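Observations on the three-dimensional arrangement
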Amino acid sequence: MDIGMVGLGRMGGNMALRLARGGHRVVGYDPGATARGAAPELETVESLQALVEALPAPRAVWLMVPAGAPVDSTLDRLLPLLQPGDVVVDGGNSNYRDSERRAARCRDAGVHFLDCGTSGGVWGLQEGYSLMVGGEAEAVALLRPVLETLAPAPDRGWGHVGPSGAGHFTKMVHNGIEYGMMQAYAEGFAIMQRKESMALDLAQVARIWQHGSVVRSWLLDLATDALERNPTLEGIAPYVSDSGEGRWTVAEAIDLDVSAPVITLSLLERLRSRENDSYADKLLAALRQGFGGHGIRPG
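Residues numbered from 1 in each chain as written. Predicted model: local features only at pLDDT ≥ 70, side-chain atom pairs only at ≥ 80, totals over all residues. Heavy atoms only, no water.

- For the chain, an unreviewed UniProt entry supplies the name 6-phosphogluconate dehydrogenase and the organism Pseudoxanthomonas taiwanensis J19.
- As its UniProt record puts it under Sequence similarities (unreviewed entry), the chain is described as follows: "Belongs to the 6-phosphogluconate dehydrogenase family."
- Looking at the Pathway (unreviewed entry) heading of the UniProt record, one finds this comment for the chain: "Carbohydrate degradation; pentose phosphate pathway." (UniProt positions renumbered as here; feature names shortened; annotations may be inferred.)

**Concerning the pairing of strand β8 (residues 158–162)**
- Looking at chain direction, strand β7 (residues 130–134) and β8 are connected through four bridges and run parallel. Within β8, the residue paired with Gly 134 across the bridge is Gly 162.
- Viewed along the sheet, the connection from β7 through helix α7 (residues 137–150) into β8 turns out right-handed. (Pairing = 2+ DSSP bridges. Helix = DSSP H or I, 4+ residues; strand = E, 2+ residues; numbered from the N terminus. Right-handed = clockwise from strand over helix to strand, strands pointing away.)

**Brief notes about the environment of Arg 207**
- Position of Arg 207 relative to the elements: it lies in helix α9 (residues 202–209).
- With 18 residues separating them in the primary sequence, Arg 207 and Asp 225 have C-alpha atoms 9.1 Å apart.
- The residues touching Arg 207, leaving out its near neighbours within four places in the chain, are Asp 201, Thr 224 and Glu 228. (Contact = heavy atoms within 4.5 Å.)

**Some remarks on unusual backbone geometry**
- Residue Ala 57 is joined to Pro 58 through a cis peptide bond whose omega torsion reads -10°.
- In this structure, Pro 58 sits in the loop between α3 (48–53) and β4 (60–63).
- Residues other than glycine seldom take positive phi values, yet Leu 233 does so here, at roughly 55°.
- Here Leu 233 shows up in the loop between α10 (218–229) and α11 (245–255).

**What about the environment of Glu 41?**
- Considering the arrangement of structural elements, one finds Glu 41 in the loop between α2 (33–37) and β3 (43–45).
- Taking the C-alpha atoms as reference points, Glu 41 and Gln 183, 142 residues apart in sequence, are found 38 Å from one another.
- The residues touching Glu 41, leaving out its near neighbours within four places in the chain, are Leu 17 and Arg 21.

**Brief notes about the sheet that holds strand β2 (residues 25–29)**
- Pairing within the open sheet is mixed, and its eight strands lie in the order β3-β2-β1-β4-β5-β6-β7-β8. Single-partner strands in this sheet number two, and they are β3 and β8. In this sheet, adjacent strand axes meet at a mean angle of 25° when their direction is disregarded.
- Strand direction decides the pairing type here: strand β5 (residues 87–90) and strand β6 (residues 112–119), joined by four bridges, are parallel. By the bridge assignment, Asp 90 is partnered in β6 with Asp 115.
- Across the sheet, helix α8 (residues 166–194) is in contact with β5, β6, β7 and β8; its angle to β6 comes to roughly 15°. (Axes fitted to C-alpha atoms, helices over the stretch in contact; angles between N-to-C directions.)

**Considerations on the side chain of Gln 183**
- Inspection of the secondary structure assignment puts Gln 183 in helix α8.
- By relative accessible area, Gln 183 is classed as buried at 19%.
- Sequence-distant contacts of Gln 183, defined by excluding residues within four places in its chain, comprise Ser 266 and Glu 269. (Buried < 20%, exposed > 50% of the residue type's maximum accessible area, 1.4 Å probe, protein only.)

Encoded structure:
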């Protein structure tokens with residue numbers, strides 16, 4: 001089918017290429033000329049209006065832009081160009097509440113809106129993407145050929161999970177689980193690295209765990225690759241960023257009265273990793289000295 005891809009960065013560009021290689025006609029747009037030029041296999045245009053004009057009705061436009069205000073500003077410019085029956089897909093990491101609001105806005109304009117939680121990262125071009133789709137069944141049916149091509153296989157790795165917002169809600173929880181899994185791997189390997197008397201080859205241990213172990217996973221595969229390339233992780237600062245979904249998952253757990261200590265603590269550990277000069281730890285040391293006369297290490 002014909003589809004427009006707005007946003008040709010690492011994710012959007014690779015998704016567009018997977019679709020084009022799967023036989024679809026993809027018209028790509030990105031405000032940056034560099035991003036447009038980085039995809040010579042794709043048909044690209046220099047404006048949203050040109051993208052809409054290049055697509056037959058009913059049009060399908062897939063957005064891969066940063067979450068938040070960029071999605072709303074893109075819709076501000078895109079919706080007046082579309083017609084009733086067209087479909088807009090937000091495949092980024094938007095907050096599910098924003099997706100519910102945007103679906104209502106599109107519905108008022110007669111345009112279908114799908115929120116699609118997309119997982120796969122830089123390996124998605126080769127391996128396919130995991131796709132969690134929220135919205136109306138009619139719109140999902142229109143996009144089925146695209147979803148089947150983006151997924152690892154037509155019959156797996158994607159699904160219509162619920163109403164508007166459900167796609168991004170399930171992707172939010174997916175990323176929260178990811179935080180916990182990554183933290184558990186990191187802590188386990190740190191314990192083994194600290195046991196210097198055993199001189200463990202951590203890459204070897206990871207390779208063993210890749211086969212037959214109950215902890216095998218793609219994340220373990222990535223850890224194995226990292227440890228084989230750089231066993232001491234030299235040159236990597238102990239600073240871990242977050243992109244928001246973990247925070248949203250923890251906030252949702254609190255709102256729903258669900259105990260989620262692993263996900264919560266994994267988020268807090270990421271925050272902790274950014275403290276080079278912890279004020280809280282300094283105060284703790286001062287308190288211990290105050291009540292018990294314990295020594296303070298000079299800073």
